[in-house]
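The primary structure of each chain is shown beneath.
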Amino acid sequence: MKLFPMILAGLLLLTGCGRNTATGGADQPKAVYRQVSATDAAALMESASDYILLDVRTQAEYDQGHIPGAVCIPNETIGTEEIPALPDKDQLILVYCRSGNRSKQAAQKLAEQGYTNIVEFGGILSWPGETVSS
């Protein structure tokens with residue numbers, strides 16, 4: 001029976017270790033973004049009206065096929081400088097790439113820049129809706 005409290009304490013510690021937060025310094029709040037599935041993102045796009053759909057792949061990848069209405073800002077260009085195409089730091093921004101790696105990186109960088117409503121939904125490879133090419 002003494003083992004049960006130790007296991008319970010361990011589980012409680014693990015529940016605080018989510019994948020969608022950055023570790024800030026001791027005096028910094030954590031920069032956070034949400035992760036959802038591509039299907040959930042599609043549903044969110046149907047219900048929300050004021051959002052930006054952000055494709056963080058390269059321009060060449062974007063030109064080959066992207067989700068309609070998406071804006072291309074490659075992950076590699078997102079740094080610490082302000083992004084003119086994303087002026088409202090509280091606006092809903094839905095982020096995707098090809099498979100989900102770059103979108104996570106970009107979402108984290110945006111959160112660290114002070115964007116407060118970032119939703120990362122992986123890659124276009126799992127997108128259930130239509131795509132268009134430039």
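About the criteria used
- Residues numbered from 1 in each chain as written.
- Predicted model: local features only at pLDDT ≥ 70, side-chain atom pairs only at ≥ 80, totals over all residues.
- Heavy atoms only, no water.
- Helix = DSSP H or I, 4+ residues; strand = E, 2+ residues; numbered from the N terminus.
- Expected span 1.5 Å × (residues − 1).
- Buried < 20%, exposed > 50% of the residue type's maximum accessible area, 1.4 Å probe, protein only.
- Contact = heavy atoms within 4.5 Å.
- Pairing = 2+ DSSP bridges.
- Axes fitted to C-alpha atoms, helices over the stretch in contact; angles between N-to-C directions.
- Salt bridge = Lys/Arg side-chain N within 4 Å of Asp/Glu carboxyl O.

A. Broad picture of helix H4 (residues 101-112). For H4, spanning 12 residues, the distance from its first C-alpha to its last is 17 Å, which sits close to the expected 16 Å at 1.5 Å a residue. Those residues of H4 not exposed but buried are Arg102, Ser103, Ala106, Ala107, Gln108, Leu110 and Ala111. On its buried side, H4 packs onto strand E2 (51-55), helix H3 (59-64), strand E4 (92-97) and strand E5 (118-123). Directly after H4, the chain includes Gly114, whose backbone phi takes a positive value near 105 degrees.

B. Layout of the sheet that holds E5. Strands sit in the order E1-E5-E4-E2-E3 across an open sheet of 5 strands; the sheet is parallel. Across the chains shown, the open sheet's two edge strands, defined by having one partner strand only, are strand E1 (34-35) and strand E3 (71-72). Looking at chain direction, E4 and E5 are connected through 4 bridges and run parallel. What sits directly across from Val95, in E5, is Glu120. Seen against the sheet, helix H2 (residues 38-47) touches E1, E2, E4 and E5 and runs at an angle of roughly 145 degrees to E4. Seen against the sheet, H4 touches E1, E2, E4 and E5 and runs at an angle of roughly 150 degrees to E4.

C. Focus on the environment of Gly123. Within the fold, Gly123 resides in strand E5. The spacing of Gly123 and Lys104 is 19 residues in sequence and 9.9 Å in space, taken between C-alpha atoms. Not counting chain neighbours up to four residues away, the residues in contact with Gly123 comprise Cys97, Arg98, Ser99 and Gly100.

D. Highlighting the pattern of salt bridges. In the structure shown here, the tally under the stated rule is 4 salt bridges. In this structure, Arg57 and Asp55 form a salt bridge, with 2.7 Å as the shortest nitrogen-oxygen distance. By the burial criterion, Arg57 is buried, and Asp55 matches it. Across the pair Glu82 and Lys89 runs a salt bridge, and its minimum N-O distance is 3.3 Å. Taking the relative accessible area as the measure of exposure, Lys89 reaches 23% and is therefore partly exposed.

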